[in-house]
Amino acid sequence: VMMAGGGEGMGNLESTLEALRATLPSNAQVVVICGRNKKLAARLASKEYPFKVIVNGFVNNMSEWMAASDCIITKAGPGTIAEALIRGVPLLLNGCVPCQEEGNIPFVLENQVGAFEKDPVKIAAIIGDWFGPNKKELAAMATRAKALGRPHATYRIVRDLASLAEGDYSKVQFLSEHSPKEGELLMA
């Protein structure tokens, strides 16, 4: 299980980790990414847990940590969601930045690649379920997440922007059948 609170180590990471004591087996491993929140990282690292806990501050290799995880507990940040989908990692969203990230929650839920819950005890229960009686659903979410991920999206955006800058709309790969035709794009 991976837990992340963004670059600032936000959210209920500590209380969620405490709640996981009741639902995870002793052979589980939890990786907590605390971002720049050094006080939180020190507090978590100083505690004993019934399972292995690895505490990190800010990391530059989130994708590698995700690759080693079966699921992630995180806020609804678009970058983290995109990385998790590319890696095929189910998400348990535990919050969001109002307005900015709210729309990401229905995206995860409607595509059945994760869940949303704010309460640490309920989060722990969901995780326990995913690693217990609902292992097949966790595997199915991972498969759906991997199918939804777009590992080459950044390159495609750059290619499309270059085509737009050159005025060659025929090379742009629009995602919708209602895509604009040449001359319909408004330049601001």
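For the structure itself, look to the data block above.
The following paragraphs examine the structure supplied in this document. (Residues numbered from 1 in each chain as written. Predicted model: local features only at pLDDT ≥ 70, side-chain atom pairs only at ≥ 80, totals over all residues. Heavy atoms only, no water.)

Quick word on the sheet that holds strand β6 (residues 114-116)
Stated precisely, the cut-off is as follows: Strand pairing is assigned whenever DSSP identifies at least 2 bridges connecting the two strands. The helix and strand labels rest on DSSP assignments: H or I over at least four residues marks a helix, E over at least two residues marks a strand, and numbering proceeds from the N terminus. Every axis corresponds to a line fitted to the C-alpha atoms, with the helix fit spanning only the stretch in contact, and the corresponding angles, defined between N-to-C directions, vary from 0 to 180 degrees. Any pair of residues with heavy atoms lying within 4.5 Å of one another is described as a contacting pair.
Spatially, the six strands line up as an open sheet ordered β3-β2-β1-β4-β5-β6, and their pairing is parallel. Each edge of the sheet is formed by a strand with only one pairing partner; in this case those strands are β3 (52-56) and β6. Ignoring strand direction, the axes of neighbouring strands in this sheet form an average angle of 15°. Direction of pairing for strand β1 (residues 2-4) relative to strand β2 (residues 29-33): parallel, over a ladder of three bridges. Bridge pairing in β2 places Met-3 opposite Val-32. Where helix α6 (residues 120-130) meets the sheet, its contacts fall on β4 (72-74), β5 (91-93) and β6, and the angle it forms with β5 comes to roughly 170°.

Looking at the layout of surface pockets
If a probe the size of a water molecule is rolled over the atoms, the empty space left behind becomes visible. For clarity, the threshold we go by: Residues are said to line a cavity or pocket when one of their atoms sits within 4 Å of a point; the points come from a 1 Å grid over protein atoms alone, cavities being sets where a 1.4 Å probe fits but cannot get out and pockets being open sets with protein on both sides within 12 Å along at least five of seven lines. Grid points are joined across faces, edges and corners, and a volume is the space filled by probe spheres set on the points. Any residue that is not Ala, Val, Leu, Ile, Met, Phe, Trp, Tyr, Cys, Pro, Asp, Glu, Lys or Arg is counted as polar, Gly included; the first ten are nonpolar and the last four charged.
Taken as a whole, the second largest pocket encloses approximately 240 Å³ of empty space. If you go around the second largest pocket, the residues you meet are Pro-78, Ile-81, Ala-82, Leu-85, Ile-86, Asn-104, Phe-107, Leu-148, Gly-149 and Arg-150. Residue assignment for the lining of the second largest pocket shows that the elements contributing at least two residues are α4 (78-87) and α5 (104-110). The leading source of residues in the lining of the second largest pocket is α4, at five residues. Tallied by class, the residues present in the lining of the second largest pocket amount to seven nonpolar, two polar and one charged.

Quick notes on the pattern of salt bridges
Here is the rule we go by: Note on definitions: salt bridges are taken to be side-chain nitrogens of Lys or Arg within 4 Å of carboxyl oxygens of Asp or Glu. Exposure categories follow from relative accessible area, calculated using a 1.4 Å probe and restricted to protein chains: below 20% of the type maximum is buried, above 50% is exposed, and the middle band is partly exposed.
Counting across every chain of the model gives six salt bridges. Across the salt bridge formed by Arg-21 and Glu-18, the nearest N and O atoms sit 2.8 Å from each other. Accessibility expressed as a relative area gives 28% for Glu-18, which makes it partly exposed. Here Glu-18 makes a salt bridge to Lys-47, at a shortest N to O gap of 3.5 Å. A residue pair is termed long-range when its members are at least 10 positions apart, and Glu-18 in helix α1 (residues 13-20) and Lys-47 in the loop between α2 (38-45) and β3 qualify at 29 residues. Here the salt bridges share partners, and the residues they tie into one network are Glu-14, Glu-18, Arg-21, Arg-43 and Lys-47.

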